[in-house]
Amino acid sequence: MAIDEDDPAALFHAAMKDARPLKGRRSRTTKPPSATRGPMPRTPATARRVTPAAKSPAPPLDPTSATGLDRATADKLRRGRLEPDARLDLHGLTLAQAERTLARFLERAQSTGCRVVLVITGKGLRELDGRMSEGRIRAEFPHWLNRPENRTRIYGVRTAHVRHGGGGAFYVMIRRPR
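Since the model is a prediction, treat every value here as computed from it, not as a measurement.

Caption draft 1: How the structure looks around helix H5 (residues 136-145). Here H5 has its buried residues at Ile 137, Phe 141, Trp 144 and Leu 145. One side of H5 carries all its buried residues, which in axial view fall inside an arc of 80°.

Caption draft 2: The arrangement of the nonpolar core in detail. Membership of the largest hydrophobic core comes to 21 residues, with the highest contact counts inside it found for Leu 102, Leu 106, Val 117, Val 119, Phe 141, Leu 145 and Val 172. Where this core is concerned, the elements lending two or more residues are strand S1 (86-89), helix H4 (95-111), strand S2 (116-120), H5, strand S5 (154-159) and strand S6 (169-174). In terms of residue count, the dominant contributor to this core is H4 (five residues). The contacts of Leu 102, once residues within four sequence positions are left out, are Leu 88, Val 119, Phe 141, Trp 144 and Leu 145. Core analysis: the second largest hydrophobic core is formed by ten residues, Leu 69, Ile 120, Ala 160 and Met 173 among them.

Caption draft 3: Up close: the pattern of salt bridges. Under the criterion given, the structure shown has two salt bridges. In this structure, the salt-bridge partner of Glu 83 is Arg 163, at a minimum N-O distance of 2.9 Å. Here Arg 163 lies in the loop between S5 and S6 and Glu 83 lies in the loop between helix H3 (71-78) and S1, a separation of 80 residues in the sequence. Taking relative accessible area as the criterion, Glu 83 reaches 43% and is therefore assigned partly exposed. The exposure class assigned to Arg 163 is exposed, which follows from its relative accessible area of 52%. Across the pair Glu 99 and Arg 147 runs a salt bridge, and its minimum N-O distance is 2.0 Å. On the criterion of sequence distance, the pair formed by Glu 99 in helix H4 and Arg 147 in the loop between H5 and helix H6 (148-151) is long-range, its members being 48 residues apart. Using a relative accessible area of 24% as the deciding quantity, one classes Glu 99 as partly exposed. Take Arg 147: its relative accessible area is 33%, and that puts it in the partly exposed class.

Caption draft 4: Up close: H3. By the burial criterion, the buried members of H3 are Thr 73, Ala 74 and Leu 77. For H3, the angular spread of buried residues about the axis comes to 100°, placing them on one side. On its buried side, H3 packs onto S2, S5 and S6. With its phi angle positive at about 75°, Gly 80 sits one or two positions after the end of H3.

Caption draft 5: Fine view of the sheet that holds S1. In space, the four strands of this open sheet follow the order S1-S2-S6-S5, with mixed pairing throughout. Each edge of the open sheet is held by one strand with a lone partner, namely S1 and S5. Adjacent strand axes in the sheet meet at a mean angle of 20° when their direction is disregarded. H4 rests against S1, S2, S5 and S6 of the sheet, and its axis sits at about 175° to S1.

Caption draft 6: Summary view of the side chain of Gln 110. Along the chain, Gln 110 falls in helix H4. On the accessibility criterion, Gln 110 (15% relative accessible area) is buried.

Definitions and limits used
Residues numbered from 1 in each chain as written. Predicted model: local features only at pLDDT ≥ 70, side-chain atom pairs only at ≥ 80, totals over all residues. Heavy atoms only, no water. Buried < 20%, exposed > 50% of the residue type's maximum accessible area, 1.4 Å probe, protein only. Helix = DSSP H or I, 4+ residues; strand = E, 2+ residues; numbered from the N terminus. Arc of directions from axis to C-beta. Core = buried A, V, L, I, M, F, W, Y, C linked by side-chain atoms within 4.5 Å. Contact = heavy atoms within 4.5 Å. Salt bridge = Lys/Arg side-chain N within 4 Å of Asp/Glu carboxyl O. Pairing = 2+ DSSP bridges. Axes fitted to C-alpha atoms, helices over the stretch in contact; angles between N-to-C directions.

Laid out in structure tokens, this is it:
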């Protein structure tokens, strides 16, 4: 029987036809390629390249659920046992200033090799029309983190421990630069 040298599966099966399983192991039975199948059509080199599957977008970060963090890291953060490598305080900034400052801070933190940073947004609790509302910077913070340019730099976020600011601050876990 002639072997089609353009068919890698046929070459593999021809090379392995005399192979025997090791003692104590069962044989895996695989069917040799069908002899009725003709040679594979030749394709240009560019068509043979396999395009990587598009990565599914990362799930949105939510500071209340510690998304993106493994259990051990989340526990260390919850107990306040990880010291932040850098801090950013957004008090007193407008929303636009705070957003730009956060983006620059995350970029700088990643480039300098920081792993955990602390971002202080403040609670901003105040009474409006007889009900309590949170500060605008704190409310917008999760949205800013989920912007594509910021999301690629971070992999997790969690509310800070009381000694680092509690509900008015967040730990942000920075990805290593590539």
